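# Coordinate inspection notes
If you want the building blocks of each chain, they are given just below.
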Amino acid sequence: MRSHRKRAAVGLGCLLALATTACSEQGEAARPAPPASAAPSASSPAESESGTSSTTSYAPYVDAKDASATDSAGSPTTYNLAFVLAGGSGCTPRWNGTDALGDAAVKSRIAKLKEDGAEVRVSFGGASGKELAAACDSASELAAAYGKALDAAGATRADFDIEGDELADSASIDVRSKAIALLQKERTDLEVSFTLPVMPSGLGKDSLALLASANDNGVQVATVNLMTMNYGSSFDGDMGGYALAAAKASHTQLKKVFGTSDAAAWRGMALTSMIGVNDVDGETFTLADATEVRAFAEDKGIGWVSMWSAARDRGCADGAKTDKAATDCSGVKQSSGAFAEAFSG
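Residues numbered from 1 in each chain as written. Predicted model: local features only at pLDDT ≥ 70, side-chain atom pairs only at ≥ 80, totals over all residues. Heavy atoms only, no water.

## With respect to the overall build of the protein chain
- Helix and strand content of the protein chain: eight helices and 12 strands.
- Split into buried and exposed, the 345 residues of the protein chain put 60% on the buried side.
- Pairs at least 24 apart in sequence give 75% of the contacts found in the protein chain among residues at least 6 apart.
- Summed over all atoms, the accessible surface of the protein chain reaches about 12,400 Å², with 49% contributed by carbon and sulfur. (Helix = DSSP H or I, 4+ residues; strand = E, 2+ residues; numbered from the N terminus. Buried < 20%, exposed > 50% of the residue type's maximum accessible area, 1.4 Å probe, protein only. Contact = heavy atoms within 4.5 Å. Areas by Shrake-Rupley, 256 points an atom, 1.4 Å probe, with all protein chains shown as cover.)

## Describing the packing of helix H3 (residues 170-186) against helix H4 (residues 205-216)
- Interaxial distance between H3 and H4 falls to 9 Å at its minimum, and their mutual angle equals 35°. You can see that H3 and H4 cross each other, and the crossing is right-handed. Seen from H3, the contacting residues are Ile173, Asp174, Arg176 and Ser177; seen from H4, they are Leu210, Ser213 and Ala214.
- Counted by class, the contact of H3 with H4 contains three nonpolar, two polar and two charged residues. (Axes fitted to C-alpha atoms, helices over the stretch in contact; angles between N-to-C directions. Left-handed = near helix turned anticlockwise from the far one by under 90°. Nonpolar A, V, L, I, M, F, W, Y, C, P; charged D, E, K, R; others polar.)

## Observations regarding the packing of aromatic side chains
- Applying the stated criterion across every chain yields a total of 13 aromatic pairs.
- Measuring from ring centre to ring centre gives 6.0 Å for tyrosine 61 and tryptophan 308, while their planes differ by 50°; the resulting arrangement is tilted. You can see tyrosine 61 sitting in strand S2 (residues 61-63) and its partner tryptophan 308 sitting in strand S12 (residues 304-308), a full 247 residues away along the chain. We note that tyrosine 61, like tryptophan 308, is buried. (Phe/Tyr/Trp six-rings, centres within 6.5 Å; stacked < 30°, edge-to-face > 60°.)

## Regarding the pairing of strand S3 (residues 78-86)
- Of all the nine residues making up S3, nine are buried; the element is thus mostly covered by neighbouring parts of the structure.
- By the bridge criterion, three bridges tie S2 to S3 in an arrangement that is parallel. Pairing of valine 62 across the sheet is with leucine 81, part of S3.
- Pairing of S3 with strand S5 (residues 119-125), which is carried by six bridges, proceeds in the parallel orientation. (Pairing = 2+ DSSP bridges.)

## Brief notes about the side chain of aspartate 289
- Inspection of the secondary structure assignment puts aspartate 289 in helix H7 (residues 287-300).
- Although buried, aspartate 289 forms no salt bridge, and the nearest oppositely charged side chain, arginine 312, lies 12 Å from it.
- Among the polar contacts listed, one links the side chain of aspartate 289 to the backbone nitrogen of threonine 286, at a separation of 2.9 Å.
- Aside from chain neighbours lying at most four places away, what touches aspartate 289 is Asp238, Met239, Gly240 and Thr284. (Lys, Arg positive; Asp, Glu negative; His and termini not counted. Salt bridge = Lys/Arg side-chain N within 4 Å of Asp/Glu carboxyl O. Polar contact = N/O pair within 3.5 Å; in protein donor to acceptor, adjacent residues only side chain to side chain.)

## Focus on the pairing of S5
- For S5, the tally of buried residues reaches six of seven residues, placing the bulk of the element in the interior.
- The pairing of S5 with strand S6 (residues 157-161) spans four bridges and is parallel. Each residue of the ladder has a partner; that of phenylalanine 124, found in S6, is phenylalanine 160.
- Regarding the hand of the β-α-β motif, the stretch spanning S5, helix H2 (residues 139-153) and S6 is right-handed. (Right-handed = clockwise from strand over helix to strand, strands pointing away.)

## Topic: the confidence of the model for the protein chain
- For the protein chain, the mean per-residue pLDDT works out to 87, and 84% of the residues sit at or above 70.
- The low-confidence segment residues 4-38, where pLDDT is below 50, has 126 contacts with residues more than four positions distant or belonging to other chains.
- Low pLDDT (under 50) marks residues 41-53, which in the prediction has 39 contacts with non-local residues, meaning those over four places away or in another chain. (pLDDT = per-residue confidence, 0-100.)

## Digging into H3
- If you check H3, its first and last C-alpha atoms are 25 Å apart, about what 17 residues at 1.5 Å a residue would give, namely 24 Å.
- When H3 is considered as a whole, its buried residues turn out to be Ser172, Ile173, Val175, Arg176, Ser177, Ala179, Ile180, Ala181, Leu183 and Gln184. (Expected span 1.5 Å × (residues − 1).)

## Focus: the environment of alanine 243
- With respect to the helices and strands, alanine 243 occurs in helix H5 (residues 239-258).
- The exposure class assigned to alanine 243 is buried, which follows from its relative accessible area of 0%.
- Linking alanine 243 and serine 273, residues 30 residues apart in sequence, is a C-alpha distance of 8.0 Å.
- Once you skip the residues sitting within four places of it in the chain, alanine 243 turns out to touch Thr228, Tyr231 and Val293.

Structure follows, in structure tokens:
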């Protein structure tokens, strides 16, 4: 995922330089990891195929500091705060890698987001900057850094958005898994999600290895959030259909990774789409796609759906369509907040 602060054609997913070949491992064939003991269990399970009565949540990504008029569209139950990164050269957590955890504007922003009863999930990582696992020297130091950010936000939910080079960095994956396990021992109510790139054929081998590492270290994974976007130049058709294909393929993999049931694997999944014009040529996620994804999520009992990002949920100037992804509008014809309404059902 990208920071809102980069004023360029950016979005959740790949670095623009990788766009023609897709996100990191996304072009690789997916390969299941061996079964492990931990099983995902989303905190807000949905109405599923089996008839279990519950709700698929809507949880958009928002900037931790800069508010947008469409943040609250669709009445989110949770906001994903993007992003906490390492600031400078040391193990210092900062919002977007620049702002102190106690920054007054961020504190005010978080308080405003929570006013109507919504929760916040702190998202660590993204496509830009340095994730803390690559900057901290030990699992205990890393756990402390993660904990400081969670405390600053008053959050009991942590999202780890791992992509790019760090997805294949076995050293940072290992220390991160150990740190999260330590943090969950200290904070028994901590809910953990991993946000990972995906292809219509499913998760790649690096993502599956990351989940296996989490299992091996005793991390309790609530949700695996699939970035259903930025597939590469060979995918230029039905983005809604690709999202559903990716979810179905990943569901089979997650059952094997976590050794769990059909229903539990669906509940432990989330889907995040980049709305409107994506930063890969030929990829445009429409309002019809959003409606299709929401209906599928409700039918399968998927834990939550999301989008990159709330700030983009509006038409561009004069309602014009664009060829390149923008940070503050979708690039397709829409009313403000229309994607949020579609994703929230």
